[in-house]
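Remarks on the overall topology
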Amino acid sequence: LQEMPEIAELSRNIIIDVSKEGLNISLVDQDGRSMFPDGATQPHDRTRRVLEAIAPTIRRMPNRIAVTGHTAVPRPGARPPAKSPWDLSAGRAISVREILALNGLPDDRFATVAGKADTDPMFPDNPYLAANRRVTITLLNEAPPLPFDQKP
């Protein structure tokens with residue numbers, strides 16, 4: 001990813017970490033640099049380009065994929081969003097899945113696509129932070145399927 005010039009400008013918006021579920025690639029908002037227009041489920045063009053650039057690498061991996069959208073808690077006094085946090089986070093996850101699929105990831109690679117609204121902040125001690133607004137692509141840790149004639 002570091003060698004891709006189209007991603008370099010957004011490198012602060014991409015967080016890669018390992019969790020018990022698998023390898024997480026999170027596209028996170030930063031103050032002044034969001035991945036999606038405010039209240040929209042379709043990403044900015046630069047976000048779309050990043051997804052298009054990483055799709056071939058993800059496609060080469062054997063893992064199934066989970067895509068999860070998250071929102072942040074609105075700041076007190078902020079204008080209420082036009083969409084509910086559930087609709088927004090789910091819509092963004094669906095958009096990311098669609099972009100990855102259009103760039104060669106087959107449907108059977110997607111295990112889940114979900115929206116979690118503001119229920120799972122990246123920074124629980126500050127639920128208002130922009131970085132809590134994110135979409136995470138997880139390459140799942142799963143045991144390989146056993147042949148039908150073998151028992152676990």
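Here's a quick rundown of the structure. (Residues numbered from 1 in each chain as written. Predicted model: local features only at pLDDT ≥ 70, side-chain atom pairs only at ≥ 80, totals over all residues. Heavy atoms only, no water.)

Moving on, we come to the sheet that holds strand S2 (residues 22-28). Working definition: the strands of a sheet are paired by backbone hydrogen bonds and lie parallel or antiparallel to each other. Reading across from one edge, S1-S2-S5-S3-S4 is the order of the 5 strands in this open sheet, with mixed pairing throughout. Each edge of the open sheet carries a strand with a single partner, namely strand S1 (14-18) and strand S4 (110-115). Going from strand to strand, the sheet's axes swing by 15° on average, the running direction of each strand aside. Across 6 bridges, strand S3 (residues 65-70) lies against strand S5 (residues 134-140) in antiparallel orientation. Bridge pairing links glycine 69 to valine 135 in S5. This element, helix H2 (residues 45-60), spans S1, S2, S3 and S5 of the sheet and lies at about 165° to S2. Strands S3, S4 and S5 of the sheet are contacted by helix H3 (residues 85-102), whose axis makes an angle of about 150° with S4. (Pairing = 2+ DSSP bridges. Helix = DSSP H or I, 4+ residues; strand = E, 2+ residues; numbered from the N terminus. Axes fitted to C-alpha atoms, helices over the stretch in contact; angles between N-to-C directions. Contact = heavy atoms within 4.5 Å.)

This part covers the side chain of serine 95. On the secondary structure map, serine 95 appears in helix H3. Look at serine 95 and you get buried, because its relative accessible area is 3%. A distance of 2.9 Å separates the side chain of serine 95 from the side chain of glutamine 42, its partner in a polar contact. Residue contacts for serine 95: discarding those within four places in its chain leaves Thr41, Gln42 and Pro43. (Buried < 20%, exposed > 50% of the residue type's maximum accessible area, 1.4 Å probe, protein only. Polar contact = N/O pair within 3.5 Å; in protein donor to acceptor, adjacent residues only side chain to side chain.)

On to the packing of aromatic side chains. For the coordinates displayed, the defined rule picks out 0 aromatic pairs. Sitting above the plane of the phenylalanine 110 ring, arginine 97 keeps its charged end 5.3 Å from the centroid. (Phe/Tyr/Trp six-rings, centres within 6.5 Å; stacked < 30°, edge-to-face > 60°. Lys NZ or Arg CZ within 6 Å of the ring centre and 35° of its normal.)

The biggest cluster of nonpolar side chains holds 22 residues, and the ones touching the most others in it are Leu51, Ile58, Ile65, Val96, Leu100 and Ile137. Broken down by secondary-structure element, the contributors of at least two residues to this core are S2, H2, S3, H3 and S5. Ignoring sequence-local partners within four residues, the contact set of isoleucine 58 consists of Ile25, Ile65, Leu100, Leu105, Arg109, Ile137 and Leu139. (Core = buried A, V, L, I, M, F, W, Y, C linked by side-chain atoms within 4.5 Å.)

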